[in-house]
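# Secondary and tertiary structure notes
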Amino acid sequence: MTIQSSSDLILQPEPLSTLSGEKEGIEDIEITVLLEAVYQVYGFDFRNYARASLKRRIRQSVLMEKVSSISALQEKLLHQPACMERFLLTLSINVTSLFRDAGFYRTFREKIVPRLRTYPFIRIWHAGCSSGEEVYSLAILLQEEGLYDRVRMYATDMNEVVLARARDGIYPLARMRSYARNYLDAGGKRVLADYYTTQYGRAIFQARLKKNIVWSQHNLVTDGSFNEFHVILCRNVLIYFDKVLQTRVHQLLYDSLITFGMLGLGQMESVRFSPFEACYEARDSTEKWFTKIC
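Residues numbered from 1 in each chain as written. Predicted model: local features only at pLDDT ≥ 70, side-chain atom pairs only at ≥ 80, totals over all residues. Heavy atoms only, no water.

## Overview of unusual backbone geometry
At S130, a residue that is not glycine, the phi angle is positive and equals roughly 55°. Positioned with a positive phi, F273 is a non-glycine residue whose angle comes to about 70°. Take F273: it is sitting in the loop between β8 (257-265) and β9 (280-284). Overall, F273 belongs to the exposed group, its relative accessible area being 60%. (Helix = DSSP H or I, 4+ residues; strand = E, 2+ residues; numbered from the N terminus. Buried < 20%, exposed > 50% of the residue type's maximum accessible area, 1.4 Å probe, protein only.)

Here's what the structure looks like:
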């Protein structure tokens, strides 16, 4: 009879690569379950967001909430609405500034405004407006071009917290120096300080800029079209979606534009390779302005 040595009976540890792979797989399952739960309970659909970016933000939320796992985060989200509000802020992409990408606004002033002058009334939708800086940028530009009094601008975002900030129109005064440079680079005709007052280290945009803006919660993923628009701005939103979700949002934007309406996208976005590519003509391919032609 052969007797095994004690060394033969010792279990060898799993290779680290196998363990990390298993952990990654479990994490992916947890994320899938979490996103489905958020959709079922709150109606926010992140299931087709770009997974790499989403995973980073969910991990960040786990740390912020001081929980041990994504599963523990899910339990907290489903039972504490305040936690859900914080989660939305973490997942929302709220990087913006006044007159962000100055060339985009110069093109609007030079190539889009002349078309808008031909309409007696103008409807503009700023989809995914975040904390509102770019909405006020457009309001200033339209005022300088003498068009603001015949404009109704709809500014929407899925996140009610950032929408509240946008409605207030109050921003740190320290940012105004760099914003003033953006404003001039965008073709500003006055000085930016003409459009806000200062108080306690804050810049407060004047009421005349807000009078024709309708702020409203709208989710590009789950909500439908609510009007026909002459101009839609949806900038730096599509890059965070996967192909399925991008197609869905392109459908929404197309359905919401009048024929010969103008669509403005972010620097890394385009109508190319979308099902609606043939329905648009580039108004300015560098600054990502497109005209709906059919």
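## A look at helix α6 (residues 102-116)
Its 15 residues give α6 an end-to-end C-alpha distance of 20 Å, which sits within 8% of 21 Å, the value for a rise of 1.5 Å per residue. Of all the bends in α6, the greatest, near 35°, is centred on R109. Looking only at α6, the buried set comprises A102, G103, F104, Y105, T107, F108, R109, I112, V113 and L116. (Expected span 1.5 Å × (residues − 1). Bend = angle between axes of the 7 residues up to and from the residue.)

## Looking at the pairing of strand β2 (residues 151-157)
Among the seven residues of β2, six are classified as buried, and the element is accordingly described as predominantly covered. Pairing of strand β1 (residues 122-127) with β2, which is carried by six bridges, proceeds in the parallel orientation. For I124, the partnering residue across the bridge sits in β2 and is M153. Taking the sense of rotation as the criterion, the β-α-β connection linking β1, helix α7 (residues 133-144) and β2 turns out right-handed. (Pairing = 2+ DSSP bridges. Right-handed = clockwise from strand over helix to strand, strands pointing away.)

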